Amino acid sequence: MSPDPGRAFAVEPWVVREPRLDLDRMGQVESVFALSNGHIGLRGNLDEGEPHAMPGTYLNSFYERRPLPYAEGGYGYPESGQTIINVTNGKLIRLLVEDEPFDLRYGQLHRHERVLDLRAGTLTREVEWASPAGRVVRVRSTRMVSLTQRAIAAICYEVEVLDEPALLVVQSELVANEQLPGRDEADPRVEAALTDPLVAEQHRSAEASATLLHRTRRSGLRVAAAMDHEVHGPDGVKVTTEATEDIGRTTVIARLEPGRTLRLVKYLAYGWSSRRSLPALHDQVRAALAAARYTGWDGLVAEQRQYLDEFWETADVEIDGDAELQQAVRLATFHVLQAGARAERRAIGAKGLTGEGYDGHTFWDTETFCLPVLSHLAPEAAADALRWRQSILPLAYERAEQLGLGGAAFPWRTIRGQECSGYWPAGTAAFHINADIADAVRRHVAATGDEVFEREVGLELVVATARLWRSLGHHDSSGQFRIDGVTGPDEYTAIVDNNVYTNLMAQQNLRVAADTAARHARAAARLGVNAEEMASWRDAAKSMRIPFDDVLGVHPQAEGFTNHQVWDFEATPPQMYPLLLNVPYFDLYRKQVIKQADLVLAMQLRPDAFSLEQMRRNFAYYESLTVRDSSLSACTQAVVAAWTGHLDLAYDYLGEAALVDLDDLAGNSDHGVHIASMAGTWTAVVSGFGGMRMDAGGTGGISFAPRLPPALSRISFGLRWQGRQLRVEIRPGEAEYRLVSGPPMRLHHHGEPLALGDEAQVREIPALDPVDPVEQPYGRVPKGRHPGS
């Protein structure tokens, strides 16, 4: 299906197709078409490199330090930031046709199509172009970043002459310190620019291969990039290679007759280290390259397809009745997988490896939005992300000590573990990240049943964070445990007392730490945990203060929040959004206006702490205040809207979350895709419409309460649960549960116990009680997708 004039992509179930080149959308398309395996990330730039919006070749956690200047300094302020950098670009393949460069800005473009295949894991391109002199060629390329060979990317590049014989020159390159366009630094969410961050250390070349090694100027990291080629063409083809400090270039020259094809397969290998020597890193990438060449192009493609076939068998979400949403949900799931598949004890950034947005930092959204998805679809990737958190515990202990606290204080934003937020009210004060990490541990252990992981990784994380809460909070004169002076998920409210989200998540953190330590007593003793400390955690959890406004009958987002002046939404024109770019924080902090779901997110993650009536009243109240200036909000609002009976609204919010990058709804997809919103898309389907919750009835099990929105005729999703593969199908009036593999299990369907074995089980979906409609702030109603909207 061709895209409508307002969209860059055609709507198809398993591919994302750009049927024609649109230079105005190039940045967005580069992000959506980015390929990654969690270690290497290649933006969807054109093979020839130009035109481009932002060139991008990234290695997970490879960064440069930069200063964090302050108008007025203060104790405990981070002194330097970290920024992901564009490493050596190996995507470049330039073509000259009879001395004229293949450049789409010149000559005549007859056809240009690119396709991201979500089952093959490849980006393909086909171009028909006439040079200014009238020579017509067809160029086909297929690009991949291997999910099976972590250090490898590869490109198959083919040129065919369509009219008459032509002399072709192909230049395949490695380029370090390539020139980057400037960025709008008025937006604080946009990354810092760095110029020529790589210092050359070594360059080598052979007949069809080259290797470049560099180090960063300040962070002292070393990177190696290598390329090798297979060339297939007519007799007389000439291949030469040269290398200088910042450029490796293999040149292929051939005279091509019409109907013949010049084919170049380019293998790329990347590696970096803060410790390995120059020879060791050189040999590492050369060895990876040798393995890729041994596998061959066809072998790499076959491995990639097999990996993804196995993934999609569980992970696929099927949506009948909305083709656009079907495509978007699959793209979202694909990008979440790419972000973490082979990260292997590295962070998962807010943009994955698709762009330089947020300086490449990881935040709390990794644990809250991404890891719950990966725990059910690619559990080893989730486990590795949490092992990375464990690896930076020494820095978190050090940070807590600097702040005068016990336990560990994890950074609000970072690449390698040091705090990089220069704005403490929305950084250091957002201590909830520590409970979010503990919650990700809890969810992962519940989803996998992995007791070894719990003992060797999870225990230390939940103990360290529980100790933080015990030192950060205190018992007041009434005996309640308070946590004062913190910031919750909503960044339009800061430095508050008893943020409900923070307190509920800290409460759970304390309970989980005590329970986990009790299960693994010997391991806990090695961490210095004793019965007295465990009792203190349970006591703090039991007496945790959870504010409630008896007059309004709702939970205030934080102490006194419902007494603040309500923002004048009707006087706020559309161009004022997002408010953080047009309104002083002072004004935002003292009024009732919410950037993103906060109390509503607390209801999603701690549903056990709220009655259904409280959920409905809270949702209605906060729906009228939430402006969704963050891409993290719509998916959460979708889940709770579905739980509280607002199925049409949940469907609208699901569309907003799913299409944030395909339709560039935030206007900043050129900086990289929104990985957390993509992960939240899966959650909106599975937890929202599927009604999935863990720890049903306190039994440690799993439950579902499916609801099908009227606009859809069917939803089907799969997940992994404690060594099993489960598939759930929601149809009008009924739900089917099928155990695809693994031993028999028990679950709950709308509170009813259900035993699942060899036979699928079908259960009726109870009728939904009518609910009163809810209202959004003036001008902030989500785009309607449901019938009659």
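Residues numbered from 1 in each chain as written. Predicted model: local features only at pLDDT ≥ 70, side-chain atom pairs only at ≥ 80, totals over all residues. Heavy atoms only, no water.

Considering all chains together, one arrives at 17 aromatic pairs under this definition. Ring geometry for Tyr70 versus Tyr77: centroids 4.9 Å apart, planes at 50°, classification tilted. Judged by centre distance (5.4 Å) and plane angle (35°), the rings of Tyr585 and Tyr589 are tilted. Remark: Tyr589 and Tyr585 occur in helix H12 (residues 585-589); sequence separation between them is 4 residues, near one turn of the helix. When its relative accessible area of 18% is taken as the criterion, Tyr589 is described as buried. Here a set of aromatic residues connected by ring pairs shows up, and it is made of Tyr358, Phe363, Trp364, Phe369, Trp412 and Tyr501. Its guanidinium or amino end placed over the ring of Trp643, Arg693 lies 4.1 Å from that ring's centre, counting from NZ or CZ. (Phe/Tyr/Trp six-rings, centres within 6.5 Å; stacked < 30°, edge-to-face > 60°. Helix = DSSP H or I, 4+ residues; strand = E, 2+ residues; numbered from the N terminus. Buried < 20%, exposed > 50% of the residue type's maximum accessible area, 1.4 Å probe, protein only. Lys NZ or Arg CZ within 6 Å of the ring centre and 35° of its normal.)

Our focus in this paragraph is unusual backbone geometry. The linkage connecting Glu50 with the following residue, Pro51, adopts the cis geometry, with an omega of -5°. With respect to the helices, strands and loops of the structure, Pro51 is situated in the loop between strand S4 (40-42) and strand S5 (57-59). Here the residue pair Tyr577 and Pro578 is connected by a cis peptide bond, since its omega of 0° sits within 30 degrees of zero. The residue Pro578 is located in the loop between strand S24 (565-566) and H12 in this model. We note that Asn177 has phi near 55°; this positive angle belongs to a residue other than glycine.

What follows concerns the nonpolar core. Within the largest apolar cluster, 202 residues are counted, with the highest numbers of intra-cluster contacts made by Phe704 and Leu719. Top element by residues in this core is helix H8 (residues 451-472). It accounts for 11 residues. Discounting residues that sit within four places of it in the chain, Phe704 has contacts with Gly690, Gly691, Met692, Phe717, Leu719, Leu726, Val728, Tyr737, Leu747, His748, His749 and His750. Counting residues in hydrophobic clusters, the runner-up holds 23 residues, among them Met26, Val159, Leu168 and Leu264. (Core = buried A, V, L, I, M, F, W, Y, C linked by side-chain atoms within 4.5 Å. Contact = heavy atoms within 4.5 Å.)

Geometrically, a packed helix pair is captured by the angle between its two axes and the distance between the axes. Put simply, helix H7 (residues 432-448) and H8 touch, their axes get as near as 9 Å, and they point 155° apart. The orientation of H7 with respect to H8, classified from their angle, is roughly antiparallel. Considering how the two elements wind past one another, H7 and H8 form a crossing that is left-handed. Where H7 approaches H8, its residues His432, Asn434, Ala435, Ile437, Ala438, Val441, His444 and Val445 are matched on the opposing element by Phe453, Glu454, Gly458, Leu461, Val462, Thr465, Leu468 and Trp469. The class makeup of the residues in the contact of H7 with H8 is 10 nonpolar, 5 polar and 1 charged. (Axes fitted to C-alpha atoms, helices over the stretch in contact; angles between N-to-C directions. Parallel < 35°, antiparallel > 145°, perpendicular 65-115°, else oblique. Left-handed = near helix turned anticlockwise from the far one by under 90°. Nonpolar A, V, L, I, M, F, W, Y, C, P; charged D, E, K, R; others polar.)

Let's shift gears to empty space enclosed by the protein. Following the criterion strictly, the structure yields 4 cavities of 30 Å³ or more and no others. Within this model, the largest cavity holds a volume of roughly 110 Å³. (1 Å grid on protein atoms, 1.4 Å probe; cavity = no way out; pocket = protein on both sides within 12 Å on 5 of 7 lines; lining within 4 Å. Points joined across faces, edges and corners; volume = space filled by probe spheres on them.)

Of the two faces of strand S31 (residues 745-749), only the one carrying Met745, Leu747 and His749 is buried; Arg746 and His748 on the other face are not. Note that strand S27 (residues 701-704) and S31 share 2 bridges and pair parallel. If you follow Phe704 over to S31, its bridge partner there is His749. Here S31 pairs with strand S32 (residues 752-756) via 5 bridges, running antiparallel. Each residue of the ladder has a partner; that of His748, found in S32, is Pro753. Hairpin connection between S31 and S32: a loop of 2 residues separates the two successive antiparallel strands, and His750 in this loop has a positive phi of roughly 50°. (Pairing = 2+ DSSP bridges.)

A word on the layout of surface pockets. As a volume, the second largest pocket reaches approximately 1,000 Å³. Surrounding the second largest pocket, 43 residues form its lining, Arg442, Ala446, Gln508, Met694 and Asp695 being those nearest its centre. For the lining of the second largest pocket, the secondary-structure elements that each account for two or more residues are helix H4 (365-377), H7, H8, helix H9 (500-519), helix H13 (599-605), helix H15 (633-643), helix H17 (675-689) and strand S26 (693-696).

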